[in-house]
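Examination of the molecular architecture
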Amino acid sequence: MTLLPNQTSRVLSGMRPTGALHLGHYHGVLKNWLKLQHEYECFFFAADWHALTTHYETPDTIEQHVWDMVIDWLAVGINPGSACLFIQSRVMEHAELHLLLSMMTPLGWLERVPSYKDQQEKLKERDLATYGFLGYPLLQSADILVYKASQVPVGEDQVAHVELTREVARRFNHLYGREPGFEEKAAEAITKMGKKNAKLYTQLRKKYQEQGEDEALETARALLEEQQNITLGDKERLYGYLEGGGRIILPEPEALLTPASKMPGLDGQKMSKSYGNTIALREDPEIIEKNLRTMPTDPARVRRTDPGTPEKCPVWSLHQVYSSDEIKTWVQEGCRTAGIGCLDCKGPVIDAIQQELAPIRERAVEYEKDKGLVRNILSEGCDKARDVAKQTLSEVRQSMGLDYRQN
Ligand code: TRP
Ligand code: SF4
């Protein structure tokens, strides 16, 4: 992707604090974060205000959930030296941007977000006909835009929220990116590129605007990228001018789709807290052993001598996550011929999970013992995040005519 001049290659993602994390989180979201933290500047945060949109009646659990979640992030190896870890409610700028965006976001855009009606249906026992819940995806937009993030790793269910974010950013830029005399300034900036480039830019812009050719837009952006003798301000204007409106104050992010976790739960369904089929990252090894030994298998294997079908067994799904081809062949043959018993079959999976979780649990214990350390990590993260967010808000206020300090 091409970045705009005021956009960094920055990854941002948040997680609602739902308490201690489990293997589903690890194999889905966290392993992806572990990879991203080496490739990009990463910001990861606890979305505690988002937790309140659904759990406003039980706010007392949120703090502990934030602790447990962040400790689990650290325990799996999210490194505060490479990723900035923070708490949403400690960076007030998210709230300010959310409020400002709410002024210009059409109600219909929020009512149309699929998760709005879905979740209301799903969580019927809660009253979610609230202002805050409707605003859930807009708060998420503010989370993203306040850091001018270029990429947002999210699961399938969150892609619509990133899409909304793009629309909101576009609308914001359209409304507030217009400085007085923008067109004249843009025209002047074009001439500064030199005759040949000016002509090319003008042609490409026309092609994009009249025929909607995305390729022309890409080429024009690449052309701007190369320009050495125009100022950064002019560059920004010309990026904005390509698409019409004005300067781009809030750049549009892209969703970085996280493949759905293949981690099955103890009953073969997707691992999820609401199904009660999870293995927590910090689970006691004896409980893990017990839960795996008693987990259901192919019901056809009533007696040890009855053959079974791995495809009908949740243990087989676990082998697919954890086992080598060799072990998988052993399972296939042994199960179909009743050559192995189900407990034999579970052995390698139990070992693999215990091995995977032992170092995570060990590190979690260290962090649990040293709350001060965790507090410092978060406090530094919050400071760093706030610095970036403050800068964005100052540009936002200025573009909206709210920058009273300068008068
Ligand atoms: N809504 C996200 C979820 O439920 C959490 C979230 C809040 C988020 N703000 C975000 C994710 C910003 C990415 C970017 O998973
Ligand atoms: Fe499942 Fe393994 Fe038992 Fe077959 S042998 S039913 S795959 S646990």
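Residues numbered from 1 in each chain as written. Chains lettered and ligands numbered in written order. Predicted model: local features only at pLDDT ≥ 70, side-chain atom pairs only at ≥ 80, totals over all residues. Heavy atoms only, no water.

**A few points about helix α1 (residues 23–39)**
When the terminal C-alpha atoms of α1 are compared, their 23 Å separation across 17 residues agrees well with the 24 Å that a helix rising 1.5 Å per residue should span. Buried residues dominate α1, accounting for 12 of its 17 residues. Of all the residues in α1, the buried ones are L23, G24, H25, Y26, H27, G28, L30, N32, W33, L34, L36 and Q37. (Helix = DSSP H or I, 4+ residues; strand = E, 2+ residues; numbered from the N terminus. Expected span 1.5 Å × (residues − 1). Buried < 20%, exposed > 50% of the residue type's maximum accessible area, 1.4 Å probe, protein only.)

**Digging into the site of ligand 1**
Taken together, 14 residues lie around ligand 1, and R16, Y136, Q140, D143 and Q158 are the ones closest in. The contact in question runs from a nitrogen atom of ligand 1 to an N or O atom on the side chain of Y136, over 2.8 Å. For ligand 1, a nitrogen atom lies 2.8 Å from a polar atom in the side chain of Q158. Looking at the shell around ligand 1, the element that brings in the most residues is helix α8 (residues 136–145), giving 4 residues. Partitioned by chemical class, the residues of the shell around ligand 1 number 7 nonpolar, 5 polar and 2 charged. (Near = heavy atom within 4 Å. Polar contact = N/O pair within 3.5 Å; in protein donor to acceptor, adjacent residues only side chain to side chain. Nonpolar A, V, L, I, M, F, W, Y, C, P; charged D, E, K, R; others polar.)

**Regarding a negative patch on the surface**
A contiguous patch of negative charge on the surface is contributed by E213, D214, E215 and E218. The exposure class of E213 is partly exposed, given its relative accessible area of 31%. (Patch = residues over 30% accessible without salt bridge, like charges linked within 9 Å, V, L, I, M, F, W, Y side chains within 5 Å. Areas by Shrake-Rupley, 256 points an atom, 1.4 Å probe, with all protein chains shown as cover. Salt bridge = Lys/Arg side-chain N within 4 Å of Asp/Glu carboxyl O. Lys, Arg positive; Asp, Glu negative; His and termini not counted. Charge placed at Lys NZ, Arg CZ, Asp CG, Glu CD.)

**Side note on unusual backbone geometry**
If you check the backbone angles, K148 has positive phi at about 45 degrees while not being a glycine. Position of K148 among the secondary structure elements: in the loop between α8 and β4 (151–154). With relative accessibility at 8%, the residue K148 sits in the buried group. One non-glycine residue with positive phi stands out, namely A338, at about 55 degrees. Structurally, A338 is set in the loop between α16 (325–336) and α17 (342–369).

**Details of the domain arrangement of the protein chain**
Its domain assignment divides the protein chain into domain 1 (10–177 + 256–261 + 371–399), domain 2 (182–242) and domain 3 (282–368). Of note, the centres of domain 2 and domain 3, computed from C-alpha atoms alone, are 59 Å apart. (Domains from an automatic or database assignment.)

**Brief notes about the state of the cysteines**
A covalent bond bridging the sulfur atoms of two cysteines is what the word disulfide describes. Inspection of every chain in the model, using the stated rule, returns 0 disulfides. Free of any disulfide, C382 has its nearest neighbouring cysteine sulfur in C84, separated by 7.7 Å. (Disulfide = S-S within 2.5 Å.)

**So, the site of ligand 2**
The environment of ligand 2 is formed by T297, D298, R301, P310, C313, V315, V331, C335, C342 and C345. Among the elements of the structure, α16 and α17 are those that each provide at least two residues to the shell around ligand 2. In terms of residue class, the shell around ligand 2 is made up of 7 nonpolar, 1 polar and 2 charged.

**Looking at the environment of V70**
Considering the arrangement of structural elements, one finds V70 in helix α3 (residues 62–76). With relative accessibility at 0%, the residue V70 sits in the buried group. Along the backbone, V70 and S274 are 204 residues apart, and their C-alpha atoms lie at a distance of 21 Å.

**A look at the packing of aromatic side chains**
All chains considered together, the criterion is met by 10 aromatic pairs. One aromatic cluster is present, formed by F43, F45, F86 and Y147 through successive ring pairs. The aromatic ring of Y241 is capped on one face by R205, whose charged end is 3.5 Å from the ring centroid. Taking the ring centre of W67 as reference, the NZ or CZ of K371 above it sits at 5.7 Å. (Phe/Tyr/Trp six-rings, centres within 6.5 Å; stacked < 30°, edge-to-face > 60°. Lys NZ or Arg CZ within 6 Å of the ring centre and 35° of its normal.)

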